[in-house]
Amino acid sequence: MKNYAADTDADRELEGEDSDFKPLTSEEAQEWRTRNPQMSVWRFVVVQAVVGVLVALVAWLVTGRAEVGWSAAYGALSVVLPAALFARAVVRKRPGGAAAAMVGIFGWELVKLVLCIAMLAAAPKLVPGLSWLALLAGLVVVMKTYWVALIVRSSVRKTD
């Protein structure tokens, strides 16, 4: 049973009685969409793949050992492949509304993590002369590509 006498100003504000929230008009919403265009999830995946290739080439050129380059490439692949699978699953349209979409996102995120861990566990068998340091370098650099892309996108948007 709720005690209505115990309502505070903070409770009323949370409920929206004294809120400063003002919904956007359709023109304001369209202007906001124009200033903040959506970025395709596939662009992130492609950028990650390109960065993975670059990391593998740099690892190979710096060390002069092909197995180090392959290790870095496999580390990058263990991020890019699950990310591509996740992107494919999340982009698909499914019925069920927002709740079903959120359950789907969390489910596919779990699949993405399990696939990444499985690929890392299989690395010693799949990559001859595996260099764990190069593999981890490829994995971390490609994983952090999301942050770089978001920072670059934010700075490009702030040029108004």
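- Named according to an unreviewed UniProt entry, the chain is ATP synthase protein I originating from Delftia lacustris.
- For the record of the chain, the UniProt heading Subcellular location (unreviewed entry) holds the text "Cell membrane".

Here we look at the overall build of the chain
- On a plain count of helices and strands, the chain comes out with seven helices and zero strands.
- Within the chain, the fraction of its 160 residues that count as buried is 24%.
- For the chain, the share of sequence-separated contacts (at least 6 apart) that also reach a separation of at least 24 residues comes to 74%.
- A total of about 11600 Å² of accessible surface is found on the chain, and carbon and sulfur atoms cover 69% of it.

Points about the UniProt feature "transmembrane region" (unreviewed entry) in the chain
- Residues annotated in UniProt with the feature "transmembrane region" (unreviewed entry) correspond here to residues 41–62, 68–87, 99–123 and 129–152.
- Within residues 41–62, the helical portion is 100% and the strand portion 0%, while the C-alpha atoms at the span's ends are 32 Å from each other.
- In this annotation, residues 129–152 is assigned 83% helix and 0% strand; the end-to-end C-alpha distance for the span is 36 Å.

Regarding the layout of surface pockets
- Empty space within the largest pocket amounts to approximately 220 Å³.
- Going through the elements one at a time, α4 (66–91) and α5 (97–126) are the ones with two or more residues in the lining of the largest pocket.
- Looking at which element gives the most residues to the lining of the largest pocket, the answer is α5, with five residues.
- Class assignment for the residues of the lining of the largest pocket results in eight nonpolar, two polar and two charged.
- Here the second largest pocket is characterised by a volume of approximately 190 Å³.
- A89, V90, R92, K93, R94, P95, G97, A100, A101, G104, I105 and W108 are the residues that line the second largest pocket.
- Only α4 and α5 provide two or more residues apiece to the lining of the second largest pocket.
- In terms of residue count, α5 provides more of the lining of the second largest pocket than any other element does, six residues in total.
- A breakdown of the residues in the lining of the second largest pocket according to their chemical character gives seven nonpolar, two polar and three charged.

Thoughts on the nonpolar core
- V45, A76, V79, V80, A83, A87, C116, L139 and V142 together form the largest nonpolar core, which totals nine residues.
- Setting aside anything within four residues of it in sequence, one finds A76 in contact with G52, G138, L139 and V142.

Some words on helix α6 (residues 132–143)
- Along its 12 residues, α6 runs 16 Å from first to last C-alpha, staying within 8% of the 16 Å computed at 1.5 Å per residue.
- Within the sequence span of α6, burial applies to A134, L135, G138, L139 and V142. The buried residues of α6 occupy one face: seen down the axis, they fall within an arc of 135°.

Comments concerning the side chain of S71
- Take S71: it is sitting in helix α4.
- Other than its neighbours up to four places away in sequence, S71 contacts V127, G129, L130, S131, A134 and L135.

Overview of the pattern of salt bridges
- On inspection of all chains with the given rule, the structure shows four salt bridges.
- One salt bridge in this structure joins K22 and E28, with 3.7 Å as the shortest N-O distance.
- A relative accessible area of 59% places K22 in the exposed class.
- Judged by its relative accessible area of 28%, E28 is partly exposed.
- Note that E67 is salt-bridged to R65, the shortest N-O span being 2.9 Å.
- Residue classification places E67 among the partly exposed residues on the basis of a relative accessible area of 28%.

What counts, and where the lines are drawn
- Residues numbered from 1 in each chain as written.
- Predicted model: local features only at pLDDT ≥ 70, side-chain atom pairs only at ≥ 80, totals over all residues.
- Heavy atoms only, no water.
- UniProt positions renumbered as here; feature names shortened; annotations may be inferred.
- Helix = DSSP H or I, 4+ residues; strand = E, 2+ residues; numbered from the N terminus.
- Buried < 20%, exposed > 50% of the residue type's maximum accessible area, 1.4 Å probe, protein only.
- Contact = heavy atoms within 4.5 Å.
- Areas by Shrake-Rupley, 256 points an atom, 1.4 Å probe, with all protein chains shown as cover.
- 1 Å grid on protein atoms, 1.4 Å probe; cavity = no way out; pocket = protein on both sides within 12 Å on 5 of 7 lines; lining within 4 Å.
- Points joined across faces, edges and corners; volume = space filled by probe spheres on them.
- Nonpolar A, V, L, I, M, F, W, Y, C, P; charged D, E, K, R; others polar.
- Core = buried A, V, L, I, M, F, W, Y, C linked by side-chain atoms within 4.5 Å.
- Expected span 1.5 Å × (residues − 1).
- Arc of directions from axis to C-beta.
- Salt bridge = Lys/Arg side-chain N within 4 Å of Asp/Glu carboxyl O.

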